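Per-entry structural report
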Amino acid sequence: MSQPLKNTPARQSQKTKDDALRPHVYDGIEEFDKRLPNWWLWTLYSAMIFSVAYWFIMHQAGADFSPQATIEQKLARLQAEAAARATGPLNDDQLWALSLNSETVSAGKATFLATCAACHGENLQGGIGFNLADNEWVHGGRPTEIVHTITNGVVEKGMQAWGSQLGERKIQEVAAFILSHHKKPDATQ
Ligand code: HEC
């Protein structure tokens, strides 16, 4: 077993003045105690900061940029656009899709405030007419049933038939506005 080399002048010249030799020697191999380069350190620090920010934004602040969420948003928009283009009566899914479309919902809100709020309340809380924000429906809570009630009314009970006055489009918008206060039940329900 040969003795490890001492710091000869030749070896001494390899190290800069900051680099101390580390105390251990393995098989005659010695190691400088080098400072990590700045670019390396900054990569580490940035990664640490990034990971905390990422954890906070994605897992604590509720932001969801996952492909699943993006697809759902896009799908809802496409369905709403398809529903808006469609003529004739819409089905439940199309009406639910419309209820996610902010333009349709705000158009429906305007109609609601002008025509329905007097009896159903500005916040759909009810009054002369029923509460439209809760989950109790006398004439059916499926989107098509709501459209049917609005169109044909419950004339003997004081709810006018709005079909001829508002027309199909506006009734769909109002229904979308009402539905925007509700959650679409799961497909299994
Ligand atoms: C003059 C008052 C009045 C106005 C205006 C009015 N409603 Fe009504 N609405 C009623 C009454 C009263 C009922 C309850 C009918 C009954 O007793 O069955 C009702 C019932 C309903 C229902 C059925 C609720 C359920 O539980 O099934 C819907 C939906 C509805 N109204 C939507 C509308 C919309 C949308 C408008 C505006 C376009 C509107 N109403 C305007 C008085 C009104």
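For clarity, every value in this text was computed on a predicted model and none was experimentally measured.

1. Digging into the layout of surface pockets
A probe as big as a water molecule, rolled over the atoms, marks out the empty space that is left. There is about 570 Å³ of room inside the largest pocket. Around the largest pocket, the lining comprises 26 residues; the ones closest to its centre are H120, G129, F130, T149 and M159. If you list the elements that add at least two residues to the lining of the largest pocket, you get α5 (102-115), α6 (117-120), α7 (143-152) and α8 (163-179). In terms of residue count, α7 provides more of the lining of the largest pocket than any other element does, 3 residues in total. A class-by-class count of the residues in the lining of the largest pocket yields 15 nonpolar, 9 polar and 2 charged.

2. Let's talk about the coordination of the iron atom of the ligand
Coordination of the iron atom of the ligand by the protein comes from H120 (NE2) and M159 (SD), over a distance range of 2.0 to 2.1 Å. If you look at the iron atom of the ligand, its 6 donor atoms make angles of 87 to 179° with each other, and the shape they trace is octahedral. Taken together, the residues span a long stretch of sequence, with H120 in helix α6 and M159 in the loop between α7 and α8 at a distance of 39 residues. The class for H120 is buried, based on a relative accessible area of 10%. Using a relative accessible area of 21% as the deciding quantity, one classes M159 as partly exposed.

Conventions we followed
Residues numbered from 1 in each chain as written. Predicted model: local features only at pLDDT ≥ 70, side-chain atom pairs only at ≥ 80, totals over all residues. Heavy atoms only, no water. 1 Å grid on protein atoms, 1.4 Å probe; cavity = no way out; pocket = protein on both sides within 12 Å on 5 of 7 lines; lining within 4 Å. Points joined across faces, edges and corners; volume = space filled by probe spheres on them. Helix = DSSP H or I, 4+ residues; strand = E, 2+ residues; numbered from the N terminus. Nonpolar A, V, L, I, M, F, W, Y, C, P; charged D, E, K, R; others polar. Donors = N, O, S within 2.8 Å, 3.2 Å for Na, K, Ca; no water. Tetrahedral: all angles 85-135°; square planar, octahedral: opposite > 155°, others 65-115°. Buried < 20%, exposed > 50% of the residue type's maximum accessible area, 1.4 Å probe, protein only.

These results come straight from atomic positions and should not be treated as a statement about function.
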